[in-house]
Amino acid sequence: MSGQAPPRSDGLPVSGRGPVVGIVGGGQLGRMLALAGRPLGLRFRFLEPKDDPPVSELGQVIQAPYDDREGLQALAEGVAAVTYEFENVPVESARVLEQMAPVFPPPAALAMAQDRLTEKESFRRLGIETAPYHPVDSLTDLREALKKLGAPAVLKTRRFGYDGKGQVVIDSLEDGEEAWSELGGRPLILEGFVPFERELSIVAVRGRDGEFRDYPLVENDHRDGILVRSRVPARGVDEELQSKARRISEAVMDELDYVGVLAVELFQVGDALLANEMAPRVHNSGHWTQDGAWTCQFENHLRAVIGLTLGSTGLRGEGAHMLNLLGDPPRRERLAAIPGAAIHLYEKDPRPGRKVGHVNLIAGGGSGPAERSLEDRLREAIELLDG
Ligand code: AMP
């Protein structure tokens, strides 16, 4: 692009205007990528079909469908790299973009993450444990799968499920028909119900040169399939469990020659970690890194895709909690008054259950454990959010 300063050997301009990164998608993850990239001198361009998206103040927005040829072309023109902020970017669009600019993470990662069956098959091939599963394309398949896996089991759409949408728990073998009437007619997968002790996630980043770094394991609580809270470090994690999780993300990333941040959601059962799904992008369970890690997931994703050295994934304090703000959270101003609370809002219109922001609480965080403990501040925040 004209006016763009020549990059230094590490990819950043010394002065003048920095390189442009193209992002497919204009939601809160794109917004937080841009907010993290601006101090590095990066500029942003987005492809987003919706009006007035959360990124609208943060760069040029090309308003077009994700598979619009001209839109894709306009996005890719002169950029240092193109990335995405959601995993349902059409793979074909990513391949078109690849003809024009470096595209990271690789489109193959999108293909793997977009279909729960392909994803689970890939995990297994890489020696990563998963729930037992069976593809389901008809009611007969479902009956057979239920016989094999037993109940309870979880029936899920293979594609386009998120935040617990597109899935039904089947409690007994007789309930198959009801679940089929709800989800049938699309490619489905039946998963054995995992009696997990807790849900964890591993957020890691891989650079263009293969450099790899992982953040400490995150412990996640969901309500109605939606993430409500993440805590770091996850309780009682030892180096062995962290290494096990690290090996999972490394295996996936090495297989795909991955570049960028990858999150893998895990079920812990005893010492075992079962992979549930992966997100080839920055992830909600990594939002705590904005205030609780030396380099946040957003900056590290950008560093990776434009070919910079990665930043430290170490904890900045003793730990952090992230609480999602869902719907129309009451008493935001009182949340802001909690010492060490960092509020991040997405400029989204509230709707019930919709993620409109999050708050990070940092252990220590300026209030000092002697003044008010993290648990105490957390209790206040949760009380405010639950009304
Ligand atoms: P997902 O859309 O696959 O992330 O599922 C949403 C949530 O449903 C997960 O975070 C779990 O709490 C629960 N869940 C999904 N699959 C299973 C399973 N096979 N066994 C037990 N719980 C599950």
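Residues numbered from 1 in each chain as written. Predicted model: local features only at pLDDT ≥ 70, side-chain atom pairs only at ≥ 80, totals over all residues. Heavy atoms only, no water.

Structural notes on the overall build of the protein
Using the following cut-off: Working definition: helices are DSSP H or I runs of at least four residues, strands are E runs of at least two. Numbering for both runs from the N terminus. We take the radius of gyration over the C-alpha atoms and set the globule estimate at 2.2 Å times the residue count to the 0.38 power. Each residue is assigned to one of three classes by its accessible area relative to the maximum for its type, calculated with a 1.4 Å probe on protein chains only: buried under 20%, partly exposed between the two thresholds, exposed over 50%. Should any heavy atoms of two residues lie within 4.5 Å, those residues are considered in contact. Computed by Shrake-Rupley with a 1.4 Å probe, the accessible areas treat only the displayed protein chains as cover when residues are assessed. Counted charges follow a simple rule, with Lys and Arg positive, Asp and Glu negative, and His plus the chain ends left uncounted. For charged residues, the charge sits on one atom: NZ in Lys, CZ in Arg, CG in Asp, CD in Glu.
Counting its secondary structure elements, the protein contains 13 helices and 17 strands. Against the 2.2 N^0.38 benchmark of 21 Å for 387 residues, the protein shows a C-alpha radius of gyration of 21 Å, consistent with a compact globule. Dimensions of the protein, computed from the C-alpha atoms along their principal axes, are close to 65 × 55 × 40 Å. Going through the 387 residues of the protein one by one, you find that 55% of them count as buried. Summarising the internal contacts of the protein: among those between residues at least 6 apart in sequence, 61% fall at separations of at least 24. Within the structure as shown, the protein displays about 16700 Å² of accessible surface, and the carbon and sulfur contribution to it stands at 47%. Computed over 45 positive and 59 negative side-chain charges, the separation of the two mean positions in the protein equals 3 Å.

Digging into the side chain of Glu199
We count it as follows: For this document, the term salt bridge refers to a Lys or Arg side-chain nitrogen within 4 Å of an Asp or Glu carboxyl oxygen. Each polar contact in these results corresponds to two N or O atoms within 3.5 Å; when the atoms are within protein, one needs to be able to donate a hydrogen and the other to accept it, and residues that are neighboring in sequence are counted only if both atoms are side-chain atoms.
Mapped onto the elements, Glu199 comes out in strand S9 (residues 198–206). At 8.4 Å, Lys156 is the nearest oppositely charged side chain to Glu199, a buried residue that forms no salt bridge. At 3.1 Å, the side chain of Glu199 forms a polar contact with the side chain of His222. Every residue in contact with Glu199, bar those within four places of it in the chain, is listed here: Val218, Glu219, Asn220, His222, Leu266 and Phe267.

Focus: the packing of aromatic side chains
Convention followed: Between the rings of Phe, Tyr and Trp (Trp by its six-membered ring), a pair exists once the centres lie within 6.5 Å; its type follows the angle of the planes, with under 30 degrees stacked, over 60 edge-to-face, and the other angles tilted.
Scanning the entire structure with this criterion turns up four aromatic pairs. When the ring of Phe44 is compared with that of Phe46, the centres are 6.4 Å apart and the planes differ by 20°; the resulting orientation is stacked. Both residues of the pair, Phe44 and Phe46, belong to the buried class. Note on Phe196 and Phe267: the rings are 4.8 Å apart at their centroids and 10° apart in plane angle, and the pair reads as stacked. In this pair, Phe196 is assigned in the loop between strand S8 (188–192) and S9 and Phe267 in strand S13 (residues 260–269), connecting sequence segments 71 residues apart.

Concerning the packing of helix H6 (residues 139–149) against helix H7 (residues 176–183)
Here is the rule: Note on definitions: angles span 0 to 180 degrees between N-to-C directions of axes, and those axes are lines fitted to C-alpha atoms, for helices only across the stretch in contact. These descriptions rest on fixed angle ranges, namely under 35 degrees for roughly parallel, over 145 for roughly antiparallel, 65 to 115 for roughly perpendicular, and the rest for oblique. If you view the pair so one helix is near and one far, a crossing is left-handed when the near helix is turned anticlockwise from the far one by less than a right angle, and right-handed when it is turned clockwise. In the scheme used here, Gly and all other residues not listed as nonpolar or charged are polar, with Ala, Val, Leu, Ile, Met, Phe, Trp, Tyr, Cys and Pro taken as nonpolar and Asp, Glu, Lys and Arg as charged.
Running from N to C, H6 and H7 point in directions that differ by 135°, and their axes come no closer than 10 Å. As summarised for this structure, H6 and H7 are arranged oblique, according to the angle between their axes. H6 and H7 meet at a crossing whose hand is right-handed. Mapping the contact onto sequence places Leu139, Leu142, Arg143 and Leu146 in H6 and Gly176, Glu177 and Trp180 in H7. Broken down by class, the residue content of the contact of H6 with H7 amounts to four nonpolar, one polar and two charged.

Remarks on the confidence of the model for the protein
Our working definition: Summary of the metric used: pLDDT quantifies the predictor's per-residue confidence within the range 0 to 100.
In this model, the protein carries a mean pLDDT of 92, and residues with pLDDT of at least 70 account for 94%. Contacts for the low-pLDDT stretch residues 5–9, under 50 throughout, to residues beyond four places or in other chains number eight contacts.

Points about the nonpolar core
Using the following cut-off: The definition of a nonpolar core used throughout is a set of buried Ala, Val, Leu, Ile, Met, Phe, Trp, Tyr and Cys residues joined through side-chain atoms within 4.5 Å.
Residues Val21, Leu42, Phe44, Phe46, Trp288 and Phe298 are the most contacted members of the largest nonpolar core, which totals 40 residues. Every element with two or more residues in this core is listed here: strand S1 (20–24), helix H1 (28–37), strand S2 (43–47), S9, strand S12 (226–232), S13, helix H10 (297–306) and strand S15 (320–326). Once residues within four sequence positions are removed from consideration, Val21 is found in contact with Leu42, Arg43, Phe44, Arg45, Val79, Ala81, Thr83, Leu302 and Ile306. In terms of nonpolar packing, the next biggest core, distinct from the first, is built from 24 residues, Met112, Ile128, Ala204 and Ile248 among them.

Overview of the sheet that holds strand S5 (residues 133–136)
Note the following rule: Strand pairing is defined by DSSP finding a minimum of two bridges between the two strands.
Strands sit in the order S5-S8-S6-S7 across an open sheet of four strands; the sheet is antiparallel. On the outer flanks of this sheet lie S5 and strand S7 (167–170), each paired with one strand and no other. For this sheet, the mean angle separating the axes of adjacent strands, direction not counted, is 20°. When strand S6 (residues 153–157) meets S8, the two strands line up antiparallel, connected through five bridges. Within S8, the residue paired with Ala153 across the bridge is Gly192. Packed on one face of the sheet, H6 meets S5, S6, S7 and S8 and runs near 170° to S5.

With respect to the site of the ligand
Convention followed: Being near a molecule or strand, for a residue, comes down to having at least one heavy atom within 4 Å of it.
Within the structure, the ligand sits among 15 residues, and Lys156, Gln167, Val194, Glu199 and Glu277 are positioned closest to it. In the model, a nitrogen atom of the ligand is placed 3.1 Å from a nitrogen or oxygen of the Gly192 main chain. Isolated, the ligand exposes 470 Å² of accessible area, and the fraction of that covered by the protein chains is 91%. Going through the elements one at a time, S6, S8, S13 and strand S14 (272–279) are the ones with two or more residues in the shell around the ligand.

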